[in-house]
Amino acid sequence: MAGRTLYDKLWDSHLVKQNSDGSSLIYIDRHVIHEVTSPQAFEGLRMADRMPWRLDTNIATPDHNISTDKAERDAGVAGMADEVSRIQVQTLDDNCDLYGIKEFKINEMGQGIVHVMGPELGATMPGMTVVCGDSHTATHGALACLAHGIGTSEVEHVLATQCLVAKKMKNMRVTVDGTVGAGVTPKDVVLAIIGKIGTAGGNEHAIEFAGSVFRDMSIEGRMTVCNMAIEAGARVGMVAVDQKTIDYCEGRQFVPVGELWHQAVEYWNTLTTDADAAFDTEVSLHADDIAPQVTWGTSPEMVAPVTASVPTLEEQPSEEQRKGLQRALDYMGLEGGQAIDSIAVDRVFIGSCTNSRIEDMRAAAEVARGRSVAGSVKQVLIVPGSQMVKAQAEAEGLDKIFIDAGMDWREPGCSMCLAMNADKLGAGEHCASTSNRNFEGRQGNGGRTHLMSPAMAAAAAVAGRIVDVRTFTGGAE
Amino acid sequence: MKAFTSHRGLVGPMDRANVDTDMIIPKQFLKSIKRSGFGPNLFDELRYMDEGQPGADCSNRPVNPDFPLNFPRFEGASILLARKNFGCGSSREHAPWALEDYGFNAVIAPSYADIFYNNCFKNGLLPVILTEEQVDILFTEMDVQEGYQLSVDLPSQTVTTDSGHVFSFELDEFRKDCLLNGLDEIGLTLQNADEIKAYEADRAAQHPWVFGAIK
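The following paragraphs examine the structure supplied in this document.

About the criteria used
Residues numbered from 1 in each chain as written. Chains lettered and ligands numbered in written order. Predicted model: local features only at pLDDT ≥ 70, side-chain atom pairs only at ≥ 80, totals over all residues. Heavy atoms only, no water. Phe/Tyr/Trp six-rings, centres within 6.5 Å; stacked < 30°, edge-to-face > 60°. Helix = DSSP H or I, 4+ residues; strand = E, 2+ residues; numbered from the N terminus. Buried < 20%, exposed > 50% of the residue type's maximum accessible area, 1.4 Å probe, protein only. Lys NZ or Arg CZ within 6 Å of the ring centre and 35° of its normal. Pairing = 2+ DSSP bridges. Right-handed = clockwise from strand over helix to strand, strands pointing away. Axes fitted to C-alpha atoms, helices over the stretch in contact; angles between N-to-C directions. Contact = heavy atoms within 4.5 Å. Buried area = accessible area lost by both parts, 1.4 Å probe. Salt bridge = Lys/Arg side-chain N within 4 Å of Asp/Glu carboxyl O. Polar contact = N/O pair within 3.5 Å; in protein donor to acceptor, adjacent residues only side chain to side chain. Nonpolar A, V, L, I, M, F, W, Y, C, P; charged D, E, K, R; others polar. Left-handed = near helix turned anticlockwise from the far one by under 90°.

## Brief notes about the packing of aromatic side chains
Part 1 of the reasoning: Summed over the entire model, instances satisfying the criterion amount to 17 aromatic pairs over all chains.
Part 2 of the reasoning: Aromatic pair F42 of chain A and Y99 of chain A: ring centres 5.6 Å apart, planes at 20°, arrangement stacked. Taken together, the residues span a long stretch of sequence, with F42 of chain A in helix α2 (residues 39-47) and Y99 of chain A in helix α4 (residues 83-99) at a distance of 57 residues. Like F42 of chain A, the residue Y99 of chain A is buried in the burial classification.
Part 3 of the reasoning: Their ring planes at 15° and their centres at 5.7 Å tell us that F402 of chain A and W409 of chain A sit as a pair that is stacked.
Part 4 of the reasoning: Of the residues examined, F402 of chain A reaches a relative accessible area of 0% and is grouped as buried.
Part 5 of the reasoning: Every member of this aromatic cluster is reached through a ring pair, and the members are F86, Y112, F116, Y117 and F121 of chain B.
Part 6 of the reasoning: The ring centre of F104 of chain A lies 5.0 Å from the NZ or CZ of K102 of chain A, which sits over that ring.

Pasting the structure below:
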């Protein structure tokens, strides 16, 4: 028998039933719930007079539309200024209370962005199927989970049946060998991958990230990479189990101890791709070719090394591509051929499920230490991904570094990644952002997003424009 | 669930690749706890000149005269003709809800993002996949013919033009069945309750740490 990929193993171990019509019934181990994509699912349950299949599978928290402002957060759900958002968060609380679903409420220790919270609490563990009504659920694949986003109808389906009707995806392996240079982070690696395969390159595939670059990467770094699999079109991104995975899980709140721990570890160590397994699609990059990356356009595939320039119309091979480029340049207010590091920034956002973990906070603080935000920059938001990240960062004094540099240290949530709360860009403003999408209007109507790593974003805050963090020596303007 | 068998209707264009779900329904409308009412805010940032607010009346907002779906000739369009990788980005089911609420019954494009594609079937919205060449032909015909209509037939899996083209499309059998019959997928899955329970019992014996930790 041919060997199996990690994805094959995860799929096989969750197969409840293979149907004759080509679909399969797949069992879901962990269901993560937030306020935005769940209310209609709970309402659907009630309308059909159904109950959740299992309670101890679900874990909930509000993250998408809550305020990151301390004064407003201290006032709790009742004090939320936006009435529509308040009702949505209250509805999550009410649904979790009604059914007895474990929720980390708005200001409770444990609350955070769903994809930061799940792994850090040990609610997601290797070998699990993990779903959430959010496309960045692939993040959890860094722990060798089969994790992907679902729509609200499927949230209801999982609540009611603990299963999904699914069709097996194709296997893709993205291999990056070599050793990345100083100043090149997991964010740069994944942006380079998206630049290579395109925003639809992973459609219909589950991606396994393999090679020395990922082996050398921390678990938090692997989360950053898996998080953005969806930006390459793949619902699923994952990395095989190694000792780092085991070490990361040990001691977390929901992770087993004693004999169960040893049993679990023995199983988790089998969660790797067999040497003779075949992939439908193989892609490879070399670490030496990856410089710090910055997006210049309105799709994550519109990305370039910070040392490069914005593409020109003349370089485009087809009329359709010229039209697409022209539209992006018009929206972004850029000229073809303009140096990436000539782009001035109005605001900076360091946060999101991609880059708001403690290592991200440390990387940004390292650049911010002893420096000041450029006078031309209106706002620098530092938004930790969870209450636990916030507490850890404060214990290390990182908050002081940010505040001393003139940056805003905020409360945990999704914030300006998708601008559902008050944190947003004004029309025409350029933002150095550590989030995952540079779509038109994503961070605010008319806002212009440049995706990059936390260190690059912090350097942009100090310089007032996009700069190469590897050669950046600037201080206050 | 809403069924789909066949549909004939006016075609409206969305002539750009990689249309993302933020474009289809911007984030501020995701604060709603309802499934309905998203139609007036479909493509909100492209469609109107001002910034849309949830719950606000859209009837007096300034519309963007350059946005094709605002052209009088596309008023009442019920089939959206689009380009590759339509619906990329987030998992928000609000995207198909908005398209359906606006009045679209089908989308035709060369490819879709996976989650969006899956979400369409839950809402009686048929995402048809044709080749880029076929989609080009439809765009060309639509451009020159006011009141351009197409017929989409799910049982025969075809798109038929009045000029005589018949384009076949593929889709998974289980998705076709659910859509044709408007089946309640949860009800169908629950018919397998015994198998699910047996799987759980087996799994709990093998991997007990997956169960019971979260209380």
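## A short note on the pairing of strand β2 (residues 79-82) of chain B
Residues and elements named next belong to chain B.
Part 1 of the reasoning: Side-chain alternation along β2 places I79 and L81 on one buried face and L80 and A82 on a second face that is also buried.
Part 2 of the reasoning: The pairing of strand β1 (residues 6-14) with β2 spans four bridges and is classified as parallel. Its bridge partner lying in β2, V11 is registered against I79.
Part 3 of the reasoning: Note on the crossover from β2 through helix α3 (residues 94-102) to strand β3 (residues 106-109): the handedness is right-handed.

## Some details on the sheet that holds β1 of chain B
Residue and element names in this part refer to chain B.
Part 1 of the reasoning: Taken in spatial order, the seven strands line up as β4-β3-β2-β1-β5-β6-β7 in an open sheet, and their pairing is mixed. Only two strands of the sheet have a single neighbouring strand rather than two, namely β4 (126-129) and β7 (166-168). Put simply, the sheet's adjacent strands are angled 30° from each other on average, direction ignored.
Part 2 of the reasoning: Pairing geometry for β1 and strand β5 (residues 149-153), over five bridges, is antiparallel. What sits directly across from H7, in β5, is V152.

## Regarding the interface of chain A and chain B
Part 1 of the reasoning: Counting residues at the interface gives 80 residues for chain A, matched by 61 residues for chain B.
Part 2 of the reasoning: The contact between chain A and chain B buries some 6100 Å² in all, and 56% of this surface belongs to carbon and sulfur atoms.
Part 3 of the reasoning: When residues of chain A are sorted by the area they lose upon contact with chain B, Q40, W53 and N445 of chain A head the list and together hold 11% of the total.
Part 4 of the reasoning: Between the two partners, chain A and chain B, sit 10 salt bridges.
Part 5 of the reasoning: In this structure, D184 of chain B engages R50 of chain A in a salt bridge whose closest nitrogen and oxygen atoms are separated by 2.8 Å.
Part 6 of the reasoning: For the interface between chain A and chain B, the tally reads 32 residue pairs in polar contact (both at pLDDT 80 or more).
Part 7 of the reasoning: The element contributing the most residues to the side of chain A that touches chain B is helix α6 (residues 152-161) of chain A, with seven residues.
Part 8 of the reasoning: Here the side of chain A that touches chain B is composed, by residue class, of 29 nonpolar, 29 polar and 22 charged.

## Points about the pairing of strand β1 (residues 15-18) of chain A
All names here are of chain A.
Part 1 of the reasoning: Sheet topology places β1 next to strand β2 (residues 24-27); three bridges connect them, and they run antiparallel. Bridging across to β2, L15 finds its partner in I26.
Part 2 of the reasoning: Hairpin connection between β1 and β2: a loop of five residues separates the two successive antiparallel strands, and G22 in this loop has a positive phi of roughly 95°.

## Thoughts on the sheet that holds strand β11 (residues 236-238) of chain A
Residue and element names in this part refer to chain A.
Part 1 of the reasoning: If you trace the four strands from one edge of the open sheet to the other, you get β11-β10-β9-β12, paired in parallel fashion. Two strands in the sheet have a free side with no partner beyond their single neighbour: β11 and β12 (281-286). With direction set aside, neighbouring strand axes in the sheet form an average angle of 20°.
Part 2 of the reasoning: As paired strands, strand β10 (residues 205-210) and β11 are joined by three bridges and run parallel to one another. The residue bridging E208 from the neighbouring strand is M238, located in β11.

## Brief notes about the packing of helix α13 (residues 358-368) of chain A against helix α16 (residues 454-463) of chain A
Residue and element names in this part refer to chain A.
Part 1 of the reasoning: α16 packs onto α13 with a crossing angle of 30° between their chain directions and a minimal axis gap of 8 Å. Between α13 and α16 the crossing geometry is right-handed. Between α13 and α16, the contacting residues are D360, A363, A364 and V367 on the first element and P454, A455, A458 and A459 on the second.
Part 2 of the reasoning: For the contact of α13 with α16, a count of residues per class yields seven nonpolar, no polar and one charged.

So, to be careful, I would describe these as geometric facts and stop short of saying anything about function.
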